[in-house]
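# A look at the structure
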Amino acid sequence: LAEEDERINFLIPPLLLIAMEIKQSLSETEWRLLRESGASSLKTKVEGELNKTSILNHLSFQFDPYSYDFEQIHPNQCDIKKIKDFVTNWIDRADDNQLRSLIRSISGLNALPPGQQLILNLKNSSKEHLPVAHTCFFTLDIPSQYESQENFDAKLQQFMEMALIGSGFTIS
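Residues numbered from 1 in each chain as written. Predicted model: local features only at pLDDT ≥ 70, side-chain atom pairs only at ≥ 80, totals over all residues. Heavy atoms only, no water.

### A look at the environment of serine 37
By secondary structure assignment, the location of serine 37 is in the loop between helix H2 (28-36) and helix H3 (38-47). Its relative accessible area of 26% is what places serine 37 among the partly exposed residues. If sequence neighbours within four positions are ignored, serine 37 has contacts with Leu42 and Lys45. Here the side chain of serine 37 touches leucine 34 through a polar contact of 2.7 Å, landing on its backbone oxygen. (Helix = DSSP H or I, 4+ residues; strand = E, 2+ residues; numbered from the N terminus. Buried < 20%, exposed > 50% of the residue type's maximum accessible area, 1.4 Å probe, protein only. Contact = heavy atoms within 4.5 Å. Polar contact = N/O pair within 3.5 Å; in protein donor to acceptor, adjacent residues only side chain to side chain.)

### Here's the deal with unusual backbone geometry
With a phi angle near 50 degrees, phenylalanine 138 is a residue other than glycine that sits in the positive phi range. Assignment of secondary structure puts phenylalanine 138 in the loop between strand E3 (132-134) and strand E4 (139-143). Residue classification places phenylalanine 138 among the buried residues on the basis of a relative accessible area of 13%.

### Some points on the sheet that holds E3
Taken in spatial order, the 4 strands of this open sheet run E1-E2-E4-E3, and their pairing is mixed. Of all strands in the sheet, those with a lone pairing partner are strand E1 (59-63) and E3, marking the two edges. The sheet shows a mean angle of 25 degrees between the axes of neighbouring strands, direction not considered. Each of strand E2 (118-123), E3 and E4 is contacted by helix H6 (residues 96-107), which is oriented at about 65 degrees to E3, the strand it contacts most. (Pairing = 2+ DSSP bridges. Axes fitted to C-alpha atoms, helices over the stretch in contact; angles between N-to-C directions.)

Right, dumping it as structure tokens:
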């Protein structure tokens, strides 16, 4: 307990400095609203959100037109619906660590920044290919050829494991 008190006492001066800097950069009204919003709201504004509803509400599905030869393959709404269902089902079953892994694999962040869209870009590639993330753009390229939830789940899990290993991140 004494060690924890020392650590807290060590953190107070820098936190006060940060609070003073924030206060100086805001108008009186903005400062009052920030103080009144509460710790949970402030934490969300700073760190972002990590919950199923927020993630599902910020998903955007699209086709990558450059990966399709429109003379031979015509992407259709069935492909979008199928992949959308796979993604939604996976998110519904995911625990907090899996959600954190997904967001970190796609964005390099621990949570979804407020208002940030996650773009799931369907590509015409084999069901054997893994998804590919473009972290700067919050985009995940997903092969549209996955045939089953099991195939999708296995490839997504493999993608997340490789993305986190390649980034040097660990989930704690």
